[in-house]
Amino acid sequence: MGNAELQSIHVHPVKAFRGLSLREAVVEPWGLAGDRRWVLIDDGGKVVTQRQQPRLALAAAELLPGGGLRLSAPGLDPLTVSVPEPAATVAVEIFRDEVDGVPADTAAHAWCSAYLGRDVRLVHMDDPATRRPVDPAYALPGETVSFADGYPLLLTSAASLDALNSLIAEGDHAAEGPLPMNRFRPNLVVTGTAPWAEDDWTRLAVGEVEFRVAKPCGRCVVTTTDQASAERGREPLLTLGRHRRIGGKLVFGQNLVPLSGGTVRVGDPVRILG
């Protein structure tokens, strides 16, 4: 374990859009700076993700200074979106949570709606320190999260992906593998560990920043979506169902909550503290 290090860093400025790979990132209490502060919602206020719209994998959002975005997607001219001024909020339904968000301008709504062929709105989380608590069953008092599925950061392991791909290669849908890590949309990818070692971690440090492990990450249909083509298959859920069913969930990766602030950088040592 002495050689464990941070292999890569990823943020997703708009939830469900393509991820960005970074060399370093600031760790905020609610997640990596710039990660999942924007989300699409439908007419009823429900979050729209790759679960319903796999084509979102082909849309990209570049982070601009100040928190704005430059959106791009096949068939559309790029669009620059500014952080909206704090104004009237709209209710965003994300799983079992109802969270206030600030709508972007009408041009952003029109661009996103044109891409998906249905009415959606782009919404920004203006104050992640107060808007959305972490699930109290797995949280400490005061912990909050962005528009991520449930926790500030998701960590995965390169060794575990290699092990999973070996299992996929033995299965009925071997032709779908090997799968790349972007199927799992992590924030932090570690290397130099044993396969599945992260199952036993409770606290760790990445460089100068300490994290606690909140719970394993249960996986959904998004993992079956090819992030380069938006086409769906059967893996990895078939193989996870056979080999990684933990507590009724198909598990890959661990959800993290920061215990301190700072900056994480590719190549940082990873130390297991508990």
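Quick caveat: nothing in here was measured; it's all calculated off a predicted structure.

### Things to note about the state of the cysteines
Scanning the entire structure with this criterion turns up zero disulfides. No disulfide involves Cys-217; its sulfur sits 8.2 Å from the nearest other cysteine sulfur, which is in Cys-220. The class of Cys-217 is buried, set by a relative accessible area of 11%.

### Quick notes on the packing of aromatic side chains
If you walk through the whole model with that rule in mind, you get three aromatic pairs. An angle of 90° between the planes, with centres 5.9 Å apart, marks the rings of Trp-196 and Phe-252 as edge-to-face. Within this pair, whereas Trp-196 is found in the loop between strand E14 (188-191) and strand E15 (203-206), its partner Phe-252 is found in strand E18 (residues 249-258), the two being separated by 56 residues in sequence. The pair Trp-196 / Phe-252 is uniform in exposure class, with both members buried. In this structure an aromatic cluster arises from ring pairing among Phe-184, Trp-196 and Phe-252. The ring of Tyr-138 is capped by Lys-215, whose NZ or CZ atom sits 5.4 Å from the centre of that ring.

### Brief notes about the pairing of strand E11 (residues 97-103)
The sheet contact formed by strand E10 (residues 90-94) and E11 spans five bridges and is antiparallel. The partner of Ile-94 across the bridge, within E11, is Asp-97. Linking E10 back to E11 in an antiparallel pair, the connection comprises two residues, with Phe-95 at a positive phi of about 55°. Judged from the two bridges that link them, E11 and strand E12 (residues 121-124) form a sheet pairing that is antiparallel. Looking at E12, one finds that Val-102 is bridged to His-124.

### Quick look at the nonpolar core
Across soluble globular proteins, you tend to see nonpolar side chains buried next to one another. Counting residues in each nonpolar core, the largest one holds 24 residues, and the members touching the most others are Val-14, Phe-17, Leu-40, Leu-69, Leu-71, Val-81 and Leu-122. Broken down by secondary-structure element, the contributors of at least two residues to this core are strand E5 (38-41), strand E8 (69-73), strand E9 (76-81) and helix H1 (106-116). Element by element, the count of residues in this core is highest for H1, at five residues. Contact partners of Val-81, with chain neighbours within four places excluded, come to Trp-38, Gly-68, Leu-69, Leu-71, Ala-104, Ala-108 and Leu-122. Core analysis: the next-biggest nonpolar cluster, separate from the first, contains 21 residues, Ile-9, Leu-188, Ala-197 and Val-270 among them.

### Some words on the environment of Val-123
Assignment of secondary structure puts Val-123 in strand E12. For Val-123, a relative accessible area of 0% gives the class buried. Distance from Val-123 to Leu-40, taken between C-alpha atoms, is 6.2 Å for residues 83 residues apart in sequence. If we skip the residues at most four places from it in the chain, Val-123 touches Arg-37, Trp-38, Val-39, Ile-41, Val-90, Val-92, Gly-101, Val-102, Pro-103, Ala-104 and Phe-147.

### Some remarks on the layout of surface pockets
Volume-wise, the largest pocket comes out at about 970 Å³. Together, 35 residues line the largest pocket, and Arg-51, Phe-95, Asp-149, Gly-150 and Gly-218 are the ones closest to its centre. Looking at the lining of the largest pocket, the elements that each hand over two or more residues are strand E13 (153-157), strand E16 (209-218) and E18. By residue number, the principal contributor to the lining of the largest pocket is E16, which donates three residues. When its residues are assigned to classes, the lining of the largest pocket shows 15 nonpolar, seven polar and 13 charged. Looking at the second largest pocket, its volume works out to about 210 Å³. Around the second largest pocket, the lining comprises 14 residues; the ones closest to its centre are His-10, His-12, Arg-18, Gly-19 and Asn-182. Its residues placed into classes, the lining of the second largest pocket shows six nonpolar, six polar and two charged.

### Describing unusual backbone geometry
Note that the residue after Gly-177, namely Pro-178, is joined by a cis bond; omega there is -10°. Tracing the backbone shows Pro-178 in the loop between helix H2 (158-169) and E14. Looking along the chain, the bond that leaves Glu-235 and enters Pro-236 is cis, with omega of 15°. Its identity as a non-glycine residue notwithstanding, Phe-95 has a phi of 55°, on the positive side. For Phe-95, the position within the fold is in the loop between E10 and E11.

Calculation notes
- Residues numbered from 1 in each chain as written.
- Predicted model: local features only at pLDDT ≥ 70, side-chain atom pairs only at ≥ 80, totals over all residues.
- Heavy atoms only, no water.
- Disulfide = S-S within 2.5 Å.
- Buried < 20%, exposed > 50% of the residue type's maximum accessible area, 1.4 Å probe, protein only.
- Phe/Tyr/Trp six-rings, centres within 6.5 Å; stacked < 30°, edge-to-face > 60°.
- Helix = DSSP H or I, 4+ residues; strand = E, 2+ residues; numbered from the N terminus.
- Lys NZ or Arg CZ within 6 Å of the ring centre and 35° of its normal.
- Pairing = 2+ DSSP bridges.
- Core = buried A, V, L, I, M, F, W, Y, C linked by side-chain atoms within 4.5 Å.
- Contact = heavy atoms within 4.5 Å.
- 1 Å grid on protein atoms, 1.4 Å probe; cavity = no way out; pocket = protein on both sides within 12 Å on 5 of 7 lines; lining within 4 Å.
- Points joined across faces, edges and corners; volume = space filled by probe spheres on them.
- Nonpolar A, V, L, I, M, F, W, Y, C, P; charged D, E, K, R; others polar.

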